[in-house]
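Here are the chains, one letter per residue:
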Amino acid sequence: MKDQLKWVLNHMPKSDDQHLDVMSLPNVAKARSFHGSFPQYSITPLAQLDGMAQYLGLAGVYVKDESYRFGLNAFKVLGGSFAMARYIAGEMGRDVSEMNYDYLTSEAFRKEFGQATFFTATDGNHGRGVAWAANKLGQKSVVHMPKGSSKSRFDNIAKEGAKVTIEEVNYDDCVRLAAAASAKTAAEAAQTEHGVIVQDTAWDGYEEIPSWIMQGYGTMANEAADQLRQCSVNRPTHVFIQAGVGSLAGAVVGYFANLFPNDPPKFVVMEAEAADCLYQGALANDGKPRIVTGDLKTIMAGLACGEPNTISWDILRNHVSAFISCPDWVSAKGMRMLSSPVKGDPRVVSGESGAVGMGVLDAIMCDDTYKELRDALELDRHSRVLMFSTEGNTDPEKYRRVVWDGEYPTDDTPQKPC
């Protein structure tokens, strides 16, 4: 018998919502303008899965495919690069709108500013994005990875010229290495001219840079909103978004909450069961964040984070409809569904952390175990669902084992058709 999804509707007390302005439309517009200045920039595809929508009994399913982002196979570069630009702008006493690609790669900038060193901890995609942006902009980067990190992800970061290490600790402890006064990270940053930690999670006393990273992620959400309009969809009825620390989820939820302040979509946040800190916080129902500890072992490496971003948590507790904790088979099912779509639909190559939304949507719509959740979310033939495939096959060996070899099957009992 397969493990079931665990879910909870959000009944937490609301806060004053002070962090929603982080994802204001003007802030996101600055991020998209910055990213658009890169010669490598292009808008990533929005896959319109009409056949899948019909199969699931929905009006529309739309998947933002981030495997095309800057040639890096994942969305994370959007956050790290924009945070780097905002940091440099702050050091120079200027606005980030003046920090475009041509200027940041110019000899005049190098003479005026010099060079910064960006330190971070990562499971792979964030570190690769920081390393890539630093390389393209002539900056330096130092990247620490948690135990169990795949060789392909390590190699991809090292290829960008970063100094890379793998530490014998989990992701959250790796972040602490990037926050504590240790010989490897923050002390290095403190002793380095223009040395700074660029981490995609926030905690008390470290919130400015994570808020900039979230704004960078807003480029992806802003593109998706524009693309939906081109599909004659003014507003999605539902947005399904996965979460590790919650930076991505907070960014996407915050952007769409600001875009549709009077009639927002229903937001559904999904996590890996082994690292479901947001779900645990919603289950406790007091508005306070919760921490999940241990090895956080899951195939969803990008979601293996047990301590929530404090900025994002505040946004999510105010705006999310439901939090879902997902066993690994859910992501694996989503990977296979996107890789082998309904006839006529485009194929989406989606990695372990990118495909969980497809697996969750399939379970909710096709398994009456979740009928109560389906009804509570009002998912029906009128619903238009937006999801984000945040990575492609960033671990090719794992991708093949799941999609080709059937690793992490659902169970031995055939699931009834929708």
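Residues numbered from 1 in each chain as written. Predicted model: local features only at pLDDT ≥ 70, side-chain atom pairs only at ≥ 80, totals over all residues. Heavy atoms only, no water.

K.L.:
Quick rundown of the packing of helix α11 (residues 247-259) against helix α13 (residues 310-319)? Include the residues and the values.
P.N.:
Pairs of packed helices are described in terms of their axes, by the angle between the two and the distance that separates them. α13 packs onto α11 with a crossing angle of 50 degrees between their chain directions and a minimal axis gap of 8 Å. By the angle between their axes, α11 is oblique relative to α13. Along this stretch, α11 crosses α13, giving a crossing that reads as left-handed. Contacts between α11 and α13 pair Ser-247, Ala-249, Gly-250, Val-253, Gly-254 and Ala-257 from the former with Ser-312, Ile-315, Leu-316 and His-319 from the latter. Its residues assigned to classes, the contact of α11 with α13 shows 5 nonpolar, 5 polar and no charged. (Axes fitted to C-alpha atoms, helices over the stretch in contact; angles between N-to-C directions. Helix = DSSP H or I, 4+ residues; strand = E, 2+ residues; numbered from the N terminus. Parallel < 35°, antiparallel > 145°, perpendicular 65-115°, else oblique. Left-handed = near helix turned anticlockwise from the far one by under 90°. Contact = heavy atoms within 4.5 Å. Nonpolar A, V, L, I, M, F, W, Y, C, P; charged D, E, K, R; others polar.)

K.L.:
Describe the pattern of salt bridges, listing the residues and the values that go with them.
P.N.:
A side chain of one charge can pair with a side chain of the opposite charge when the charged atoms of the two come close. All told, the structure shown has 21 salt bridges when counted by the stated rule. Taking the shortest distance from any N to any O, the salt bridge between Glu-223 and Lys-64 comes out at 2.8 Å. On the criterion of sequence distance, the pair formed by Glu-223 in helix α10 (residues 208-230) and Lys-64 in strand β3 (residues 60-65) is long-range, its members being 159 residues apart. Overall, the relative accessible area of 0% leaves Lys-64 in the buried class. When the shortest N-O distance is used, the salt bridge between Arg-153 and Glu-391 registers 3.8 Å. Here the residue Arg-153 occupies a position in helix α7 (residues 151-158), and Glu-391 occupies one in the loop between β11 (384-389) and α17 (396-403), the gap between them amounting to 238 residues. Judged by relative accessible area, which is 7%, Arg-153 ranks as buried. (Salt bridge = Lys/Arg side-chain N within 4 Å of Asp/Glu carboxyl O. Buried < 20%, exposed > 50% of the residue type's maximum accessible area, 1.4 Å probe, protein only.)

K.L.:
Before we move on, can you summarise the environment of Gly-357 with the specific residues and values?
P.N.:
Note that Gly-357 resides in helix α15 (residues 356-366). You can call Gly-357 buried: its relative accessible area is 4%. Along the chain, Gly-357 and Phe-240 lie 117 residues apart, while their C-alpha atoms are 6.1 Å from each other. Setting aside chain neighbours within four positions, we find Gly-357 in contact with Phe-240, Met-270 and Met-387.

K.L.:
Can you lay out the layout of surface pockets for me, pointing to particular residues and giving the numbers?
P.N.:
By volume, the largest pocket is sized at about 530 Å³. Lining of the largest pocket is provided by 23 residues; of these, Lys-147, Gly-148, Ser-149, Thr-298 and Ala-301 occupy positions nearest its centre. By residue class, the composition of the lining of the largest pocket is 8 nonpolar, 5 polar and 10 charged. (1 Å grid on protein atoms, 1.4 Å probe; cavity = no way out; pocket = protein on both sides within 12 Å on 5 of 7 lines; lining within 4 Å. Points joined across faces, edges and corners; volume = space filled by probe spheres on them.)

K.L.:
How would you summarise the packing of helix α14 (residues 328-339) against α15 if you had to cite specific residues and measurements?
P.N.:
Orientation of α14 relative to α15, taken along the N-to-C sense of each, is 95 degrees, at an axis distance of 6 Å. With respect to their mutual orientation, α14 and α15 come out roughly perpendicular. Along the contact surface, α14 presents Val-330, Ser-331, Lys-333, Gly-334, Met-337 and Leu-338, while α15 presents Val-356, Met-358, Gly-359, Val-360 and Asp-362. Taken together, the residues that form the contact of α14 with α15 break down as 6 nonpolar, 3 polar and 2 charged.

K.L.:
Quick one: what's the story with empty space enclosed by the protein, residue by residue and with numbers?
P.N.:
Per the counting criterion, the structure on display carries 3 cavities of 30 Å³ or more. Considering only enclosed or pocket space, the largest cavity measures out at about 190 Å³ in volume. Lining the largest cavity are 20 residues, with Phe-75, Lys-76, Leu-248, Gly-302 and Leu-303 positioned closest to its centre.

K.L.:
Could you give an account of the sheet that holds strand β4 (residues 117-121), with specific residues and numbers?
P.N.:
With parallel pairing, 4 strands are arranged side by side in an open sheet as β6-β5-β4-β7. Edge positions in the sheet fall to β6 (163-166) and β7 (195-197), since each of these pairs with one other strand and no more. Sheet twist, expressed as the average angle between the axes of neighbouring strands with direction ignored, equals 15 degrees. (Pairing = 2+ DSSP bridges.)

K.L.:
Please give an account of the environment of Glu-107 that cites residues and values.
P.N.:
Mapped onto the secondary structure, Glu-107 falls in helix α5 (residues 107-113). A residue is classified by how much of its surface remains accessible, and Glu-107, at 54% relative accessible area, is exposed. Between the C-alpha atoms of Glu-107 and Pro-308, which are 201 residues apart in sequence, the distance is 40 Å.

K.L.:
Give me the nonpolar core: which residues, what numbers.
P.N.:
Formed by 88 residues in total, the largest nonpolar core has its most connected members in Phe-256 and Phe-323. The contacts of Phe-323, once residues within four sequence positions are left out, are Lys-6, Trp-7, Val-8, Asn-10, Met-12, Val-269, Leu-278, Tyr-279, Ala-282 and Leu-316. Ala-322, Val-330, Leu-338 and Val-356 belong to the second largest nonpolar core, which has 45 residues in total. (Core = buried A, V, L, I, M, F, W, Y, C linked by side-chain atoms within 4.5 Å.)

K.L.:
Now, about the sheet that holds strand β9 (residues 266-272): what can you tell me, with residues and values included?
P.N.:
Sheet architecture is open: 7 strands sit in the order β1-β10-β9-β8-β11-β3-β2, paired in mixed fashion. The sheet is open, and its two edges are formed by β1 (6-9) and β2 (46-48), each paired on a single side. Adjacent strand axes in the sheet meet at a mean angle of 20 degrees when their direction is disregarded. Across 5 bridges, the pairing between β9 and strand β10 (residues 322-326) is parallel. Residue pairing in the sheet places Met-270 in a bridge with Ile-324 of β10.

K.L.:
Run through helix α1 (residues 25-36), naming residues and quoting values.
P.N.:
With 12 residues, α1 ought to run about 16 Å at 1.5 Å a step, and its terminal C-alpha atoms sit 16 Å apart, in line with that. Looking at the buried side of α1, the elements it contacts are α3 (77-92), α4 (101-104), α10 and α11. (Expected span 1.5 Å × (residues − 1).)

K.L.:
Outline the confidence of the model for the chain, listing residues and values.
P.N.:
The predicted model of the chain has a mean per-residue pLDDT of 92, with 92% of residues at 70 or higher. A low-confidence stretch, residues 180-185 (pLDDT under 50), is modelled with 16 contacts involving residues beyond four sequence positions or located in other chains. (pLDDT = per-residue confidence, 0-100.)

K.L.:
Provide a residue-level description of unusual backbone geometry, including the pertinent values.
P.N.:
Positive phi values are uncommon outside glycine, yet Asp-17 reaches one of about 60 degrees. Along the polypeptide, Asp-17 turns up in the loop between β1 and α1. The phi dihedral of Asn-285 falls on the positive side, at around 70 degrees, and the residue is not glycine. One can find Asn-285 in the loop between α12 (277-284) and α13. When its relative accessible area of 35% is taken as the criterion, Asn-285 is described as partly exposed.

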